[in-house]
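Here is what each chain is made of, one letter per residue.
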Amino acid sequence: MGTPSRVNQTAVSDFLLLGLSEQPEEQSLLFGVFLGMYLLTMTGNLLTVLAISSDPHLHTPMYFFLANLSLTDACFTSASIPKMLANIHTQSRTISYSGCLAQLYFLLVFGGLDNFLLAVMAYDRYVAICQPLHYSTAMSPPLCALMLVMCWVLTNCPALMHTLLLTRVAFCTHKAIPHFYCDPSALLKLACSDTRINELMIITMGRWKAFSTCGSHLTVVLLFYGSLMGVYLLPPSTHSAETQSRAAILYMVIIPMLNPFIYSLRNRDLKEALGKLFGNGKTFLLPFW
C-alpha cells in the first residue's frame, strides 16, 4: 500500500463536516429538530440565570454555581450547534482550519467546566447536609469565587494544551470529518503524522471527565458520562462514526437542554423568582450575591 499524500498543517484551509445525514430529504427535518432543541436549551438556561440574578433570596452559593452551570451549558451548546444549523441551511459542510480548532477549544473548555461545576455543586450539598454549622465558612463568597476561578484554570489549561498539540499535526488531503462538529478523535484519523501524544491526551481527558463528579447528580451523570465514555474510552473499532454522532448529540445537545429542568425550573424558589421576574418587570442584576 502506498503512503497517503500529505500536506503541511499550515496549508490546510478547511475541513468538511459531514453532519448526521447526507440525505437531502432529511436536512429540513434535522434543521427543525436541532433549531427547536437549541432554542429550548438557550431559553431554559438563560431564564435560570435571569431568575437567579434578579432575586436577592437566591444569591447563595448553590444558586451561584447553578447560574454558572446554566451559562456554561448555553455556551457549550453554542460552540457547535449554530455552525451545524448554518451548514444545513446553506447546504455547505465546510469549516475553516482555524474555526475548527477554535470550536474544539471552546467545546473542551465548556465541557470541562460543566464537569467541575457539577463536582463543586455536589461538594456544596455535602457541606450543607453533613456540616451545616460550618456552611457559611466553608462556602463563603470569597471561597466560592476562588473555586470558580480554579474551575476555569483547570479546564483552560488542558483545553489549550490539547488545541496547541493539534496545531503540530500534519493532515492528509482527505479532510472529511464524519461528524457535525470538530471531534478530536475524528481529526486525528485524518492525520499523516505521529499522533500518540494527542491520543494520550484524549484518553486522559476522557477519564478525567468520566470520574470528576459525584453521585448526587446521578441522572445527568448516567446520561452524560455514559455517552462520553462510549465515545472516548472504547476502542475505535468497536463503534462507528454514526454511533459516535448519536452519543455526541446526547451529551452536547440533550443534556444541556435537560439541565435547567433537572436542576432549576422544577425548583419552587426559582419558579417564584420567575413569577416575580415577569410579573413586575424587575431590572436584571448581574451579581449573584
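Residues numbered from 1 in each chain as written. Predicted model: local features only at pLDDT ≥ 70, side-chain atom pairs only at ≥ 80, totals over all residues. Heavy atoms only, no water.

As annotated in an unreviewed UniProt entry, the protein is Olfactory receptor from Suricata suricatta. Annotation of the protein in UniProt includes, under Sequence similarities (unreviewed entry), the sentence "Belongs to the G-protein coupled receptor 1 family." (UniProt positions renumbered as here; feature names shortened; annotations may be inferred.)

## Comments concerning the pairing of strand S1 (residues 14-17)
Here S1 shows a buried face lined by Phe-15 and Leu-17 and an unburied face lined by Asp-14 and Leu-16. Pairing of S1 with strand S2 (residues 94-96), which is carried by three bridges, proceeds in the antiparallel orientation. Paired with Asp-14 across the two strands is Ser-96, which belongs to S2. The sheet contact formed by S1 and strand S3 (residues 176-177) spans two bridges and is parallel. Each residue of the ladder has a partner; that of Leu-16, found in S3, is Ala-176. (Buried < 20%, exposed > 50% of the residue type's maximum accessible area, 1.4 Å probe, protein only. Helix = DSSP H or I, 4+ residues; strand = E, 2+ residues; numbered from the N terminus. Pairing = 2+ DSSP bridges.)

## Regarding the packing of helix H4 (residues 97-130) against helix H6 (residues 141-167)
Two elements in contact, H4 and H6, have axes whose closest approach is 8 Å; the angle formed by their N-to-C orientations is 150°. Taken together, the axes of H4 and H6 lie roughly antiparallel to each other. Here the hand of the crossing between H4 and H6 comes out right-handed. Counted by class, the contact of H4 with H6 contains 20 nonpolar, six polar and no charged residues. (Axes fitted to C-alpha atoms, helices over the stretch in contact; angles between N-to-C directions. Parallel < 35°, antiparallel > 145°, perpendicular 65-115°, else oblique. Left-handed = near helix turned anticlockwise from the far one by under 90°. Nonpolar A, V, L, I, M, F, W, Y, C, P; charged D, E, K, R; others polar.)

## Overview of the sheet that holds S2
Within the open sheet, the three strands sit side by side as S2-S1-S3. Their pairing is mixed. Of all the strands in the sheet, just S2 and S3 have a single pairing partner and so form its edges. Of the strands in this sheet, S1, S2 and S3 touch H4, which is tilted by about 85° from S2. (Contact = heavy atoms within 4.5 Å.)

## Some points on the environment of Ser-193
Inspection of the secondary structure puts Ser-193 in the loop between helix H7 (184-188) and helix H8 (196-210). A relative accessible area of 22% places Ser-193 in the partly exposed class. In sequence terms Ser-193 and Phe-171 are 22 residues apart; their C-alpha atoms lie 7.3 Å from each other. In this structure the side chain of Ser-193 is engaged in a polar contact, spanning 3.0 Å, whose partner is the backbone nitrogen of Ala-170. (Polar contact = N/O pair within 3.5 Å; in protein donor to acceptor, adjacent residues only side chain to side chain.)

## Concerning H6
The terminal C-alpha atoms of H6 lie 39 Å apart, and with 27 residues this matches the ideal 39 Å at 1.5 Å per residue to within 8%. The complete set of buried residues in H6 reads Cys-144, Leu-148, Cys-151, Thr-155, Pro-158, Ala-159, His-162, Thr-163, Leu-165 and Leu-166. (Expected span 1.5 Å × (residues − 1).)

## Some details on the UniProt feature "transmembrane region" (unreviewed entry) in the protein
Summarizing the sequence annotation, UniProt attributes the feature "transmembrane region" (unreviewed entry) to residues 29-50, 62-81, 102-123, 143-166, 210-235 and 247-265 in the numbering used throughout. In residues 29-50, helix accounts for 100% and strand for 0%; the two terminal C-alpha atoms are 31 Å from one another.

## Focus on the nonpolar core
Among the nonpolar cores identified, the biggest contains 41 residues, and Phe-15, Phe-34, Ile-81, Ile-177 and Leu-187 are the most heavily contacted of them. Those elements giving two or more residues to this core turn out to be S1, helix H1 (27-54), helix H2 (61-78), helix H3 (81-90), H4, H6, H7 and helix H10 (241-264). Broken down by element, this core gets its largest block of residues, eight residues, from H4. For Phe-15, the contacting residues outside a window of four places in its chain are Arg-93, Thr-94, Ile-95, Tyr-97, Cys-100, Phe-171, Lys-175, Ile-177, Leu-187 and Leu-190. In this structure, Leu-69, Val-120, Met-121 and Tyr-135 belong to the second largest nonpolar core, which totals 25 residues. (Core = buried A, V, L, I, M, F, W, Y, C linked by side-chain atoms within 4.5 Å.)

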